[in-house]
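Each chain, letter by letter, is given below.
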Amino acid sequence: MQDSNFKRHRRLRNSTAMRALVRETQLSTDDLIYPIFVVEGDNIKKEVSSMPGVFQVSLDNLTSEMHELVQLGIRSVLLFGVPKQKDEQGSQAYCETGIVQQALRKIKQEVPELITVADTCLCEYTSHGHCGVIEDGDVNNDASLQLMVETAVSQAKAGADIIAPSNMMDGFVASIRKGLDEAGYSNIPIMSYAVKYASSFYGPFRDAAESTPQFGDRKTYQMDPANRLEALREAESDMEEGADFLIVKPALAYLDIMREVKDRFNAPLVAYNVSGEYSMVKAAAQNGWINEKELVLEKLTSMKRAGADLIVTYFAKDAAKWLNE
Ligand code: PBG
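Keep in mind it's a predicted model, so treat the numbers as computed, not measured.

Draft legend 1. Representation of the site of the ligand within the structure. Lining the immediate surroundings of the ligand are Asp 119, Cys 121, Cys 123, Cys 131, Ser 166, Asn 167, Tyr 202, Phe 205, Arg 206, Arg 218, Val 274 and Ser 275. Of the residues belonging to the shell around the ligand, the class tally is six nonpolar, three polar and three charged.

Draft legend 2. Up close: the UniProt feature "binding site: Mg(2+)" (unreviewed entry) in the protein chain. According to UniProt, the feature "binding site: Mg(2+)" (unreviewed entry) maps to Glu 234 in the numbering used here. Looking at where Glu 234 falls in the secondary structure, it is placed in helix 7 (residues 229-241). On the neighbour-count criterion, Glu 234 (22 C-beta atoms within 10 Å) is buried. Once residues lying within four places of it in the same chain are set aside, the contact partners of Glu 234 are Ala 194, Val 195 and Met 223.

Draft legend 3. Representation of the packing of helix 10 (residues 292-305) against helix 11 (residues 316-324). At their nearest, the axes of helix 10 and helix 11 sit 10 Å apart, and the two run at 100 degrees to each other. Judged by the angle between their axes, helix 10 and helix 11 are roughly perpendicular. Residues Lys 293, Val 296, Leu 297 and Leu 300 of helix 10 touch helix 11, and the partners they reach there are Asp 318, Ala 319 and Trp 322. Of the residues contributing to the contact of helix 10 with helix 11, the split by class is five nonpolar, no polar and two charged.

Draft legend 4. Representation of the environment of Ala 308 within the structure. Following the sequence through the fold, Ala 308 ends up in the loop between helix 10 and strand 12 (310-313). Expressed as a C-alpha distance, the spacing of Ala 308 and Met 258, which sit 50 residues apart in the sequence, is 7.0 Å.

Draft legend 5. Seen up close, the nonpolar core. Grouped together as the largest cluster of nonpolar side chains are 98 residues, with contacts concentrated most on Ile 33, Val 38, Leu 79, Ile 163, Ile 247, Val 248 and Val 270. Broken down by element, this core gets its largest block of residues, eight residues, from helix 4 (residues 141-158). The contact partners of Val 248, leaving out residues within four places of it in the chain, are Val 195, Tyr 254, Ile 257, Met 258, Val 261, Leu 269 and Ala 271.

Draft legend 6. Structural view of the UniProt feature "binding site: Zn(2+)" (unreviewed entry) in the protein chain. The UniProt entry lists Cys 121, Cys 123 and Cys 131 under the feature "binding site: Zn(2+)" (unreviewed entry), expressed in the numbering used here. Relative to the elements of secondary structure, Cys 121 occurs in the loop between strand 5 (115-120) and strand 6 (133-135). The residues contacting Cys 121, other than those within four sequence positions of it, are Cys 131, Ser 166 and Asn 167. Its location among the elements puts Cys 131 in the loop between strand 5 and strand 6. Residue classification places Cys 131 among the buried positions, given that 25 C-beta atoms sit within 10 Å. For Cys 131, the contacting residues outside a window of four places in its chain are Cys 121, Leu 122, Cys 123, Val 139, Asn 167, Met 168, Arg 218 and Tyr 221.

Reading guide: rules and limits
Residues numbered from 1 in each chain as written. Predicted model: local features only at pLDDT ≥ 70, side-chain atom pairs only at ≥ 80, totals over all residues. Near = placed C-beta within 6 Å. Nonpolar A, V, L, I, M, F, W, Y, C, P; charged D, E, K, R; others polar. UniProt positions renumbered as here; feature names shortened; annotations may be inferred. Helix = DSSP H or I, 4+ residues; strand = E, 2+ residues; numbered from the N terminus. Buried ≥ 20, exposed ≤ 12 C-beta atoms within 10 Å, placed from the backbone. Contact = placed C-beta atoms within 7 Å. Axes fitted to C-alpha atoms, helices over the stretch in contact; angles between N-to-C directions. Parallel < 35°, antiparallel > 145°, perpendicular 65-115°, else oblique. Core = buried A, V, L, I, M, F, W, Y, C linked by C-beta atoms within 7 Å.

Rendered as structure tokens:
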């Protein structure tokens, strides 16, 4: 007996081909940005203990890593530096011979087809581990801006294709835009960490980048996870200041925010699938509790469905392999 009082949604799910035909969201290797930690020293490829499969890599090992990305069809890499020397002002962040500046020159020379995104922040370079200059026990906004501009310009000079400021100082997009323009880099886009929450999901990253704050936390500059309207204010001011891309970070617990930002602002939206989100999956997979491949592809697809155009993810290489299968 046919009951016509209800809809038969299963009609559109009844075969692999039918499901492919009606699929609304596609994940592609073109969407992926792979983060990498470049460390000072020779012949280093050191696994981060809390991030299985993620390594700190020295300059001499960088080119082979980059070739692997290109072979997998990944177009873009996000660079973090792990310097030997740290100081109060984070001077290795904006030094011409800084580790990221050296890495940028090397990649541009040897693997020029890769898009290099430079994370612009001070926390990996400061002795106190905060993202700016400390005055009276807190990060001083305007004093930190000047160092962010110097860092961005030195990265552009070294060959960065995109500047990605992440220290959450007010006005960083405006300051960096002005600094880049004055230095002759008006064609270099800014990918702003516009909406960045003070999140426990960053724990493993701070092992990888050796950037744990030595006192206090980042709550006076990163956002309160409870807030939604504040995210819209942050995105709005960054757009007004000239951001070319907007990042929402972390990703999974903030898909609602991603959707709202995507619906309101007309700029490519980047999801940052952060370290803690990676480590949780790896730990469960190592215990045999989940199917890693299916879970990772599901969550990356969910980020795209929520509005992300691009995804920064430590799973980029794995995902590319799976997508190429
Ligand atoms: C630098 C920065 C951080 C991350 C990206 N850029 C750390 C932080 O803000 O503490 C975190 C990335 C991750 O957890 O994967 N400020």
